[in-house]
Amino acid sequence: MSAPNKSYDPVEVATLSPDEVQRMVDDALAAVAAASDLDELKAVRLAHAGDRAPIALANAEIGALPPAARAEAGKRIGAARAAVRTALAQRQDELETERDARVLVEEAADVTLPWDRLPAGARHPVTTVAERLTDVFVAMGYEVAEGPEVEDEWYNFDALNFPPDHPAREQYDTIFVAGPDGTAHSGVVLRTHTSPVQIRAMLSRPLPLYVVSPGKCFRTDTLDATHSPVFHQIEGLAVDEGLTMADLRGAIGAFVEAMFGAGLRTRLRPDFFPFTEPSADVSMECHVCRGASTRPGAEPCRVCRSQGWIEIAGAGMVNPRVLVACGIDPDRYSGFAFGLGIERTLMIRHGVTDIRDTVDGDVRFSRAFGMEA
Ligand code: DAH
């Protein structure tokens with residue numbers, strides 16, 4: 001076997017000399033290191049690793065070498081290209097990491113800042129008005145009493161002195177609950193008013209008795225601007241020795257002044273409810289015009305329709321028959337009662353003209369009342 005041919009073919013390929021290749025690599029690595037962003041690096045890649053790069057051109061010269069020298073030159077060029085590729089890949093990584101970090105800083109959103117703009121809910125005004133009404137009476141020593149929404153007909157009507165076939169029952173547009181066998185008359189109704197809580201309170205609490213009971217009521221009404229099949233009332237009941245209609249007036253007056261403003265007068269006119277005798281329809285002086293709109297030539301008032309008075313409640317002295325039904329001696333005790341609509345109170349107090357706003361569930365309606373406690 002002959003020794004390696006050290007005497008080169010006279011064809012010299014300067015670009016393939018180790019020095020020259022090393023220079024190309026050094027140039028390339030310097031350019032890679034100098035690239036300060038991804039665009040610059042892209043240009044460097046084209047210039048030093050592309051088809052027209054010095055190393056690529058040198059590579060093309062390998063064929064011109066004598067066969068014995070080709071392998072070594074090929075290795076040299078291969079190593080040079082690998083060195084440039086590695087440097088490019090490393091720099092690419094570095095620059096991408098830098099860019100990502102910069103983007104994170106530049107496009108950062110401080111999610112901790114605008115917390116107060118998160119949509120805040122609001123308590124429903126029916127709830128807050130009911131609580132205010134309740135508070136007025138609790139402040140006068142009344143206790144809060146509750147009863148079921150699905151109620152025995154006996155509490156809703158019979159014990160309140162509505163005889164079975166009395167026309168007054170018809171006025172209550174009752175929703176009857178079907179019996180388990182599908183019978184319409186199961187003796188159970190959705191309570192049409194909060195007055196059955198009066199009966200429950202008289203049957204279960206010691207005398208004297210002062211209670212208020214806010215709660216949900218149901219009637220077969222179709223939902224429109226002034227009717228809702230589900231609504232709320234608050235009931236008041238006092239049973240004590242020596243109570244008179246003057247006490248009823250005092251209680252009503254206190255509530256009107258607390259809810260609508262000091263100095264407002266109240267008016268009682270005869271009415272009929274089976275469970276009170278005498279019964280009254282309670283009105284308050286219009287809290288907006290205070291009666292001014294009734295004078296000839298005066299500005300009309302939208303709130304009281306220029307009547308000067310606004311009906312707000314039904315009331316009366318507890319009918320002795322109701323006291324007797326609850327085992328209370330009507331010769332010793334007397335009582336007064338009143339009931340009013342919470343939606344109606346809300347509408348009067350805040351000028352709400354469409355009761356549907358209270359059931360639509362649009363939080364913007366509730367929010368308009370603020371976070372009233
Ligand atoms: N329960 C009656 C209704 O819904 C309102 C009412 C009237 C309640 C007179 C009372 C009262 O306590 O004394 O129409």
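Residues numbered from 1 in each chain as written. Predicted model: local features only at pLDDT ≥ 70, side-chain atom pairs only at ≥ 80, totals over all residues. Heavy atoms only, no water.

### Regarding the overall build of the chain
Looking only at helices and strands, the chain has 12 helices and 10 strands in total. Computed over the C-alpha atoms, the radius of gyration of the chain is 46 Å, more than 25% above the 21 Å expected from 2.2 N^0.38 for a compact globule of 373 residues. Reported as C-alpha extents along the three principal axes, the dimensions of the chain are approximately 145 × 65 × 35 Å. Buried positions account for 40% of the 373 residues belonging to the chain. Restricting the contact set of the chain to residue pairs at least 6 apart, pairs at least 24 apart contribute 67%. Looking at the chain as shown, the accessible area adds up to about 20700 Å², and 54% of this sits on carbon and sulfur atoms. Distance from the positive charge centre (37 side chains) to the negative charge centre (55 side chains) of the chain: 4 Å. (Helix = DSSP H or I, 4+ residues; strand = E, 2+ residues; numbered from the N terminus. Rg over C-alpha atoms; globule rule 2.2 N^0.38 Å. Buried < 20%, exposed > 50% of the residue type's maximum accessible area, 1.4 Å probe, protein only. Contact = heavy atoms within 4.5 Å. Areas by Shrake-Rupley, 256 points an atom, 1.4 Å probe, with all protein chains shown as cover. Lys, Arg positive; Asp, Glu negative; His and termini not counted. Charge placed at Lys NZ, Arg CZ, Asp CG, Glu CD.)

### What to know about unusual backbone geometry
For the peptide bond that leads from L207 to P208, omega is -5°, which places it in the cis range. As for its placement among the helices and strands, P208 is situated in the loop between helix 8 (196–204) and strand 5 (209–218). Cis peptide bonds are those with omega within 30 degrees of zero, and the linkage from E277 to P278 qualifies with -5°. As for its position among the elements, P278 is in strand 8 (residues 276–285). Of note, the phi angle at N161 is positive, near 70°, even though the residue is not glycine. Within the element layout of this structure, N161 appears in the loop between helix 6 (153–156) and helix 7 (167–170).

### Remarks on the packing of helix 1 (residues 18–34) against helix 4 (residues 67–106)
The angle between the axes and the distance between the axes are what describe a pair of packed helices. Where helix 1 contacts helix 4, the two axes come as close as 10 Å, and the packing angle between them is 5°. One way to sum up the angle between helix 1 and helix 4 is to call them roughly parallel. Residues P18, V21, V25, A28, L29, V32 and A33 of helix 1 touch helix 4, and the partners they reach there are R76, I77, A80, A83, V84, A87, L88 and R91. Taken together, the residues of the contact of helix 1 with helix 4 break down into 13 nonpolar, no polar and two charged. (Axes fitted to C-alpha atoms, helices over the stretch in contact; angles between N-to-C directions. Parallel < 35°, antiparallel > 145°, perpendicular 65-115°, else oblique. Nonpolar A, V, L, I, M, F, W, Y, C, P; charged D, E, K, R; others polar.)

### Some words on the site of the ligand
Of all residues adjacent to the ligand, which total 16 residues, the nearest are H193, S195, Q198, Q233 and E235. Between the ligand and H193 there is a distance of 2.9 Å, counted from a nitrogen atom to a side-chain nitrogen or oxygen. Here an oxygen atom of the ligand sits 3.0 Å away from a polar atom, N or O, in the side chain of Q198. Protein contact buries 92% of the 360 Å² of open area that the ligand shows by itself. Going through the elements one at a time, strand 6 (230–240), strand 9 (309–318) and strand 10 (334–341) are the ones with two or more residues in the shell around the ligand. (Near = heavy atom within 4 Å. Polar contact = N/O pair within 3.5 Å; in protein donor to acceptor, adjacent residues only side chain to side chain.)

### A closer look at the nonpolar core
One finds L133, F137, F255, I312, F336 and F338 to be the most contacted residues of the largest nonpolar core, which totals 41 residues. When contributions to this core are tallied by element, the ones reaching two or more residues are helix 5 (125–138), strand 6, helix 9 (245–260), strand 8, strand 9, strand 10 and helix 11 (342–350). Counting residues per element, this core draws most heavily on helix 9, which supplies seven residues. Setting aside anything within four residues of it in sequence, one finds F336 in contact with Y142, G236, L237, A238, L243, T244, D247, L248, A251, G316, M317 and V318. Residues F162, M202, V318 and A337 belong to the second largest nonpolar core, which totals 25 residues. (Core = buried A, V, L, I, M, F, W, Y, C linked by side-chain atoms within 4.5 Å.)

### Here we look at the pairing of strand 7 (residues 266–273)
Across seven bridges, the pairing between strand 7 and strand 8 is antiparallel. Bridge pairing in strand 8 links D271 to S279. Where strand 7 folds back onto strand 8 in an antiparallel hairpin, the turn is made up of two residues. (Pairing = 2+ DSSP bridges.)

### Examining the packing of aromatic side chains
Overall, the coordinates contain 11 aromatic pairs when judged by the stated rule. Arranged with centres 5.6 Å apart and planes meeting at 75°, the rings of Y142 and Y210 form a pair that is edge-to-face. Separated by 68 residues along the polypeptide, Y142 in the loop between helix 5 and strand 1 (143–144) and Y210 in strand 5 bring together distant segments of the chain. Judged by its relative accessible area of 6%, Y142 falls in the buried class. For the ring pair F157 and Y172, a centre distance of 6.1 Å and an interplane angle of 75° mean the geometry is edge-to-face. Of the two residues, F157 is situated in the loop between helix 6 and helix 7 and Y172 in the loop between helix 7 and strand 3 (175–177); the sequence distance between them amounts to 15 residues. Neither F157 nor Y172 differs from the other in exposure class; each is buried. A network of ring pairs unites the aromatic residues F137, Y142, Y210, F255 and F338 as a single cluster. Across the ring face of Y155, the terminal group of R200 is positioned such that the distance to the ring centre comes to 3.9 Å. (Phe/Tyr/Trp six-rings, centres within 6.5 Å; stacked < 30°, edge-to-face > 60°. Lys NZ or Arg CZ within 6 Å of the ring centre and 35° of its normal.)

None of this, on its own, says anything about what the molecule does.
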